[in-house]
Every structure is written in C-alpha cells, then in structure tokens.
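Structural features, examined
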Amino acid sequence: MSIQSSGLRLPPTITTTTATTTSKTSHPLLFHKKTKSIQMCLASSAVVHPSQTSSSIQIVGGKAPNWYSNGTTYEGADGDINWPDLDADLQYWSRLLRPVQWYPGHIAKTDKELKEQLKLMDVVIEVRDARIPLATGHPQMEAWIGNRKRILVLNREDMISTADRNAWAHYFANQGTKVVFANGKLGMGAIKLGRLAKSMAVNVNIKRKSKGLLPRAVRAGIVGYPNVGKSSLINRLLKRRLCTAAPRPGVTRHLKWVHFGNDLELLDSPGIIPMRISDQTSAIKLAICDDIGERSYNVADVAAILVQMLMRIPTVGSKALYQRYKIIAEGPGHSGKIFIDKLALQMFNGDVHQASFRLLTDFRKGKFGWVALERPPKQ
C-alpha cells in the first residue's frame, strides 16, 4: 500500500500572518518578515493523475527552527534542539499524507499466541530502536507484561551519540526500568543481557526449591517492533545463527524457542505492531528507520520529510547533506521534495524513487553520523 495524493487538490499557497521580527543577521532557514508563506504546493495545481508514481506534495513550512541565537549559531554546542517543536513540525508535514498503516497477516496470526506465551515468561525482554525508543514502544506492552520483570534493550546504540545514549539511560533509570544498550550485529550488550535476565529471575528457582520442585531454565520472551534486531540479538547471545535475521521487517513469522545453555530459554517472536497506528509522527519515524513494511508508505514522501528533519538537527544540517551529495539544501524556498528532485536529476536520471531510496538507505547506514530522531521528554 503506497501513499498517494491522487485526486487531492490543494490551494497552491496558504499565507499566515506573524509578528514582525528584526535581526541584523539572518539564517537561510529563517524569515524576518511581517508575513511568512507556508507553502504546501503541488508540483502542478492540477489534480494528480493516478498513474503518477512519485510524490507530488511539496513539504515545507512548519515552525521556524528555534535553536538558533543571533541568527547564526544554535543554542547548545552539542546539537540539542527543541524536540517537541520538531515533532510538531513533523506532524504538520505529514498531515496531508495518507496515514501509514501496516498489519500483515503473519502478525495478526501470532499476536494472540504471543500474548498467551507472555503469561508463561519469567522475564520479558523488549527490544526497541535506540534512534526512536518512543516510536518503537508498543502502546499495549505494559498491559501485556503486567507485573512480570522487564528488561528494555535499546538496540543499534552505535547509531546514536553518547549524549543521546546518556539522556535515554537517565530517563529510563528515573522510571525504574532496567536498560541494556546493544548492537545486535556486533554483539555488544548480549552477554550483559543474558546475565541480567538470569539474575532478575533468580527467585523463580528459589520458590520452586521451597516447594520441593527441581530447578528449571529461566524463560525469557524477546518482543518488539519489526526489524529492531530481536533475532540478531538472540544469535549473538547463542554465538550461532539459530534465528533467521535480515535487515527488513517481517522476516520472523513464527514463535520459536531456543536454549541458551541449561539455565535460560529464549522465545524469539515476530515483530509486533498495533493494528492501527494513531500517532502518525511515530509512523513516519518507523518508516525512516525501516521498522515498518515499505508497502505502507510512499518512499518519496518519507525521504522528503527526512531531509527537512535533518536540516533542523544542527549536527547534520545542510552541511552534511552537501558533503554527501554536493547539493545545496538551504534558502527560503527549500523543501525536502526539491532536494530529492535535485538528487534524482544528479544521480539517477530523474528517478525520484531511486533517489529517495538512496537517501533513506544512507541514513539507515549512518552516513550522516550518529543521529537520533527522538530525545526523552522532560520529566
């Protein structure tokens, strides 16, 4: 299911009035005028033909970046920005797009079975994407886990900065949640995770012994969104490839028990995702990070939004985009779609889909550095 704007007719420009702002210097992304135009232009004012495959929505506007002071520098040399404002911009950009929804048959089939299996778990290990820990948190997970012990694994720690890592560690520590940062591909955090799972469930066999029962292996269920690295993490724990793993959503389709020595059993499960995603800012982040099926979104739309997000993150900005593609991405008329169009002409003979896919792939491979798309909310 691709996101199309077929039959959607929008006015070429919406103009809103703002207060007058004065400044001696101005950044290319900021407007110091009595009015600012929030353009939501279509490539053509005509109705988009159904056969058109590329996105036609020009995504610009939103709130002006607020991390700049004196027009040329941003507040916080480590690249801190106002994340609530960025999420507000993301919501604004995505409001014209068709909602991203993905609930394939294999997830619906195993969803009920997984919830039943979780009742047998001593420990639940929830794996999330360290770049978007909130977006990859299932809204019903707390209810499913109940009072069972939980370990939260933030996988792909190599794709976020030390500042991001420390911020999330502090946030979850304040909530009383045990957190392990991991890199499923390289095995970082795997040994610590295994030890922590055993230690948190040590009371299981103490109770069994008091009842005259023989000890048994600790049962740990590994759950999380698609493509967050559950199977890779298990393979690293076992030091052999027992679970099928691939860098795309929906590879694991069945529940599978594996043994880690004689004292730990792990349940590998298919990725779980809500039947309906109500928060579309989270859905766009899932698409950017490849944690949801590609059929659920239009690649060109998502890539255009990613460009505008990167432009608002000081540690990336127009400089990193130029260094990568030799394309200038700044100026009052800039939009993510314009950048993608330029990239398509420069590298792919005008193929917008290929250009969009390349930009998303580069982000997913960390070509723009250690970039998180979320920061912890204020506590």
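Rules and cut-offs
- Residues numbered from 1 in each chain as written.
- Predicted model: local features only at pLDDT ≥ 70, side-chain atom pairs only at ≥ 80, totals over all residues.
- Heavy atoms only, no water.
- Helix = DSSP H or I, 4+ residues; strand = E, 2+ residues; numbered from the N terminus.
- Buried < 20%, exposed > 50% of the residue type's maximum accessible area, 1.4 Å probe, protein only.
- Phe/Tyr/Trp six-rings, centres within 6.5 Å; stacked < 30°, edge-to-face > 60°.
- Lys NZ or Arg CZ within 6 Å of the ring centre and 35° of its normal.
- Pairing = 2+ DSSP bridges.
- Core = buried A, V, L, I, M, F, W, Y, C linked by side-chain atoms within 4.5 Å.
- Contact = heavy atoms within 4.5 Å.
- Expected span 1.5 Å × (residues − 1).
- Arc of directions from axis to C-beta.
- Axes fitted to C-alpha atoms, helices over the stretch in contact; angles between N-to-C directions.

Observations regarding unusual backbone geometry
At Arg156, a residue that is not glycine, the phi angle is positive and equals roughly 65 degrees. Positionally, Arg156 belongs in the loop between strand E6 (149-155) and helix H4 (162-174). Look at Arg156 and you get buried, because its relative accessible area is 16%.

Side note on the packing of aromatic side chains
For the structure on display, the rule yields 5 aromatic pairs. Their ring planes at 25 degrees and their centres at 5.7 Å tell us that Trp168 and Phe172 sit as a pair that is stacked. A residue pair is termed a helical-turn pair when its members lie 3 or 4 positions apart in one helix, as Trp168 and Phe172 do in helix H4 at 4 residues. The two residues Trp168 and Phe172 agree in class, both being buried. Chaining the aromatic ring pairs together yields one cluster made of Trp168, Tyr171 and Phe172. Directly above the ring of Phe181 sits Arg165, whose terminal nitrogen or CZ lies 4.3 Å from the centroid.

A closer look at the pairing of strand E10 (residues 264-268)
Burial analysis of E10 places 5 of its 5 residues in the buried class, the great majority of the element. Residues Leu264, Leu266 and Asp268 point to one face of E10 and Glu265 and Leu267 to the other, with burial holding for every one of them. The pairing of strand E8 (residues 218-224) with E10 spans 5 bridges and is parallel. The residue bridging Val218 from the neighbouring strand is Leu264, located in E10. With 4 bridges joining them, strand E9 (residues 256-259) and E10 adopt antiparallel strand pairing.

Some details on the environment of Val153
With respect to the helices, strands and loops of the structure, Val153 is situated in strand E6. Taking relative accessible area as the criterion, Val153 reaches 0% and is therefore assigned buried. Taking C-alpha positions, Val153 is 9.5 Å from Pro133, a pair spaced 20 residues apart along the chain.

Examining the nonpolar core
Ranked by internal contacts, the top residues of the largest apolar core, which has 75 residues, are Ile125, Ile151, Val153, Leu266, Leu321, Phe363 and Leu373. Among the elements that take part in this core, helix H9 (residues 299-311) stands out by supplying 10 residues, more than any other. Every residue in contact with Leu373, bar those within four places of it in the chain, is listed here: Trp83, Arg131, Ile132, Lys285, Ile288, Cys289, Met309, Ile313 and Phe363.

Notes on helix H11 (residues 336-347)
For H11, with 12 residues, the first-to-last C-alpha span of 16 Å sits near the 16 Å given by 1.5 Å per residue. Buried within H11 we find Gly336, Lys337, Phe339, Ile340, Leu343 and Ala344. Angular distribution of buried residues about the axis of H11 spans 160 degrees; they occupy a single face of the element. As for H11, its buried residues are in contact with H9, helix H10 (317-325) and helix H12 (352-364). Backbone geometry just downstream of H11 places Asn349 in the positive-phi region, at approximately 50 degrees.

Re the sheet that holds E8
Pairing within the open sheet is mixed, and its 6 strands lie in the order E7-E6-E5-E8-E10-E9. Looking at which strands have only one partner, the edges of the open sheet turn out to be strand E7 (178-182) and E9. Across this sheet, the average inter-strand angle for adjacent strands is 25 degrees, counted without regard to direction. Pairing geometry for strand E5 (residues 123-129) and E6, over 7 bridges, is parallel. Paired with Asp129 across the strands is Asn155, a residue of E6. Helix-sheet contacts for H4 involve E5, E6 and E7, and the interaxial angle to E7 is about 160 degrees. Strand contacts of helix H7 (residues 230-238): E5, E6, E7, E8, E9 and E10, with the helix running at about 155 degrees to E10, the strand carrying the most contacts.

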